[in-house]
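Letter by letter, the chains look like this.
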Amino acid sequence: PPPATTTVMLGDGSGARMEVRVPSAGHRKIRGLAVGAPAELVVVSDDASMARFKAVRDIFLPATDEFVCDYPFLERTIMRALSRDVAFERGERQRQEVQSRRRRVRRR
């Protein structure tokens, strides 16, 4: 029989949607897999605008530190570290934006 798969619909704020099928034994509950849950994955594209891309078939759910796929297509320790780095940079950008807004308000 063909291997079991889990189908996940992914999307972003721009309205882009993508269906990803990942190999999964189907025997375990994935706590973080829910509508609206943040998900991270690696994609590759031959298009600089990323209008077309293919996903590496492993999805990381940072809120629960889970991978959807049973088979590790990615080096998971590196993916977790990358996720932490992205979250840190996102937090830094948000802090800088807040500070910039505060400075603009004070100048008025």
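Given the structure is predicted, the values throughout are model-derived calculations rather than measurements. (Residues numbered from 1 in each chain as written. Predicted model: local features only at pLDDT ≥ 70, side-chain atom pairs only at ≥ 80, totals over all residues. Heavy atoms only, no water.)

A. Structural detail: the overall build of the chain. Within the chain, the regular secondary structure consists of one helix and six strands. Reading the chain from its N end, one meets helices and strands in the order β-β-β-β-β-β-α. In the chain, buried positions account for 23% of the 108 residues. Relative to all contacts within the chain whose residues are 6 or more apart in sequence, the contacts with residues 24 or more apart total 38%. Surface exposure of the chain reaches about 8200 Å², of which carbon and sulfur atoms provide 54%. (Helix = DSSP H or I, 4+ residues; strand = E, 2+ residues; numbered from the N terminus. Buried < 20%, exposed > 50% of the residue type's maximum accessible area, 1.4 Å probe, protein only. Contact = heavy atoms within 4.5 Å. Areas by Shrake-Rupley, 256 points an atom, 1.4 Å probe, with all protein chains shown as cover.)

B. A look at the pattern of salt bridges. The tally for this structure, following the rule as stated, stands at three salt bridges. In this structure, E92 engages R95 in a salt bridge whose closest nitrogen and oxygen atoms are separated by 2.5 Å. Linking E92 with R95, this pair stays in helix α1 (residues 76-107), spanning three residues, or about one helical turn. The exposure class assigned to E92 is partly exposed, which follows from its relative accessible area of 29%. The exposure class assigned to R95 is partly exposed, which follows from its relative accessible area of 45%. Linking R101 and E97 is a salt bridge whose minimum nitrogen-to-oxygen distance equals 3.9 Å. Of this pair, R101 and E97 both sit in helix α1, four residues apart, which is roughly one turn of the helix. For R101, a relative accessible area of 43% puts it in the partly exposed group. (Salt bridge = Lys/Arg side-chain N within 4 Å of Asp/Glu carboxyl O.)

C. Fine view of the packing of aromatic side chains. On inspection of all chains with the given rule, the structure shows one aromatic pair. With a centroid separation of 4.7 Å and 40 degrees between ring planes, the pair formed by F60 and F67 is classed as tilted. Each member of the pair, F60 as well as F67, is classed as buried. (Phe/Tyr/Trp six-rings, centres within 6.5 Å; stacked < 30°, edge-to-face > 60°.)

D. Summary view of the pairing of strand β1 (residues 5-11). Of the two faces of β1, only one is covered, namely that formed by T6, V8 and L10; the face formed by T5, T7, M9 and G11 stays uncovered. In this sheet, strand β2 (residues 17-23) lies alongside β1 in antiparallel orientation, the contact comprising seven bridges. Residue pairing across strands places T5 opposite P23, the latter belonging to β2. Connecting β1 to the next strand, β2, in antiparallel fashion are five residues, including G15 with a positive phi near 100 degrees. (Pairing = 2+ DSSP bridges.)

E. The arrangement of the environment of T6 in detail. If you trace the backbone, T6 turns up in strand β1. Residue classification places T6 among the buried positions, given a relative accessible area of 17%. As a C-alpha pair, T6 and P23 span 17 residues in sequence and 6.4 Å in three-dimensional space.

Nothing here speaks to function; it is all geometry.
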